[in-house]
Amino acid sequence: MAQNIFKGLGMALVTPFTSAGEVDYGALRRLIEYQLANGADFLCILCTTSETPCLTPEEKAEIKRLVVETNKGRVPVVVGCGGNNTRAVVRELQTGDFSGIDGVLSVCPYYNKPSQEGLYQHFKTISNASPLPVVLYNVPGRTGVNMKAETTVRLAEDCPNIVAIKEAGGSLEQVDDIIKHKPARFDVLSGDDALTFSMVASGAAGAISVIGNALPRQVSRMIRYEFRGEYEPARRIHHAFTELYSLLFVDGNPAGVKALLSEMGLIENCLRLPLVPTRITTRERMADILKQLTI
């Protein structure tokens, strides 16, 4: 059975764009180096925060190639591969180029709102087709359906290459239920920055983080403190980010974190429609918080 290698701080990598609306590959390379130098344990690419629905197939292929080339095997890489058409996902798994990729992140089907049995059969089919370990992704705020703890545990028990779940359901009770009943080889990862501290304290193996794009050193330190049982210094970092967690998502993701990264001089503050940059007031408040951070 496959073991989960995606632990600690995973980065939900943004896709930088130029002011002309093109993918800024130079900024992407610099961003990867910045994150790897400051505590990233693995990279999660072509997922929600990457604005993947607005990328062409050619851009996705080039982003994947550039990430693999820049990473040079330093940390594991998981790539988004999911959707609401099971056959299409299977076809991508069977025909896609996964050179240099260590796993796939597969989101719950959206829009068509399957039952729990439908979710189980969808992911079991994907598991059987995948040449790589699979990380499930539960994010009901985007998909319109919540994968319940018992469905997650059932998949973990029945599918040897399903190794983890990125859990962004917003329920610590559901997280506890999964952790309590899951197989030992299966891990839970936080998909919600505001809940990462609590989830890791409950037994999660880390996070796939949005805020980590901009502040990897601090988020990495928080998670590592918790792994060592040093909850007080971890809590101080978590509390320092409380307002920032909210501001990052108030105007949608990744608008908030792109504004923060732009404020830090790492990328341009550009998104692709239908997403637009965060409001000026939100950006100004985030800039003020950034200046005050002492952790």
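Residues numbered from 1 in each chain as written. Predicted model: local features only at pLDDT ≥ 70, side-chain atom pairs only at ≥ 80, totals over all residues. Heavy atoms only, no water.

J.: Would you explain empty space enclosed by the protein in this entry?
T.: The probe, sized like a water molecule, is rolled over the atoms to show the empty space still left. By the definition in use, this model includes one cavity of 30 Å³ or more. The computed volume of the largest cavity comes to approximately 40 Å³. Residue lining of the largest cavity: Asp193, Thr196, Ile211, Val219, Met222, Ile237, Phe241 and Tyr245, and that is the complete set. Of the residues that constitute the lining of the largest cavity, the class distribution is six nonpolar, one polar and one charged. (1 Å grid on protein atoms, 1.4 Å probe; cavity = no way out; pocket = protein on both sides within 12 Å on 5 of 7 lines; lining within 4 Å. Points joined across faces, edges and corners; volume = space filled by probe spheres on them. Nonpolar A, V, L, I, M, F, W, Y, C, P; charged D, E, K, R; others polar.)

J.: Whenever I open this one, the side chain of His122 confuses me. Can you help?
T.: Structurally, His122 can be placed in helix H4 (residues 116-129). Taking the relative accessible area as the measure of exposure, His122 reaches 4% and is therefore buried. Other than its neighbours up to four places away in sequence, His122 contacts Gly83, Thr86, Val107 and Pro109. (Helix = DSSP H or I, 4+ residues; strand = E, 2+ residues; numbered from the N terminus. Buried < 20%, exposed > 50% of the residue type's maximum accessible area, 1.4 Å probe, protein only. Contact = heavy atoms within 4.5 Å.)

J.: What is the right way to read unusual backbone geometry from this model?
T.: The phi angle of most residues is negative, glycine excepted, and most peptide bonds adopt the trans form. Here the bond from Asn253 into Pro254 is cis, since omega is 10°, no more than 30 degrees from zero. Following Leu273, the chain continues to Pro274 via a peptide bond in cis, the omega torsion being 20°. Take Pro274: it is sitting in the loop between helix H12 (255-263) and helix H13 (280-292). In this structure, Glu51 is a non-glycine residue whose phi angle is positive, near 55°. Among the structural elements, Glu51 can be located in the loop between strand S2 (42-45) and helix H2 (57-71).

J.: When you look at the pattern of salt bridges in this model, what are you seeing that I'm missing?
T.: If the charged atoms of two oppositely charged side chains come close together, the side chains can form a pair. The full count for this structure, using the stated rule, is 14 salt bridges. Between Asp187 and Lys7 there is a salt bridge; the shortest N-O distance is 2.5 Å. Of this pair, Asp187 sits in strand S7 (residues 187-190) while Lys7 sits in the segment before strand S1 (8-12); the two residues are 180 residues apart in sequence, bridging distant segments of the chain. Judged by its relative accessible area of 38%, Lys7 is partly exposed. Measuring nitrogen to oxygen at the nearest pair gives 2.6 Å for the salt bridge that ties Glu232 to Arg235. With Glu232 and Arg235 both in helix H10 (residues 231-240) and three residues apart, the pair spans about one turn of that helix. Assessed through its relative accessible area of 43%, Glu232 is described here as partly exposed. (Salt bridge = Lys/Arg side-chain N within 4 Å of Asp/Glu carboxyl O.)

It is worth stressing that arrangement in space is one thing and function is another; only the former is reported here.
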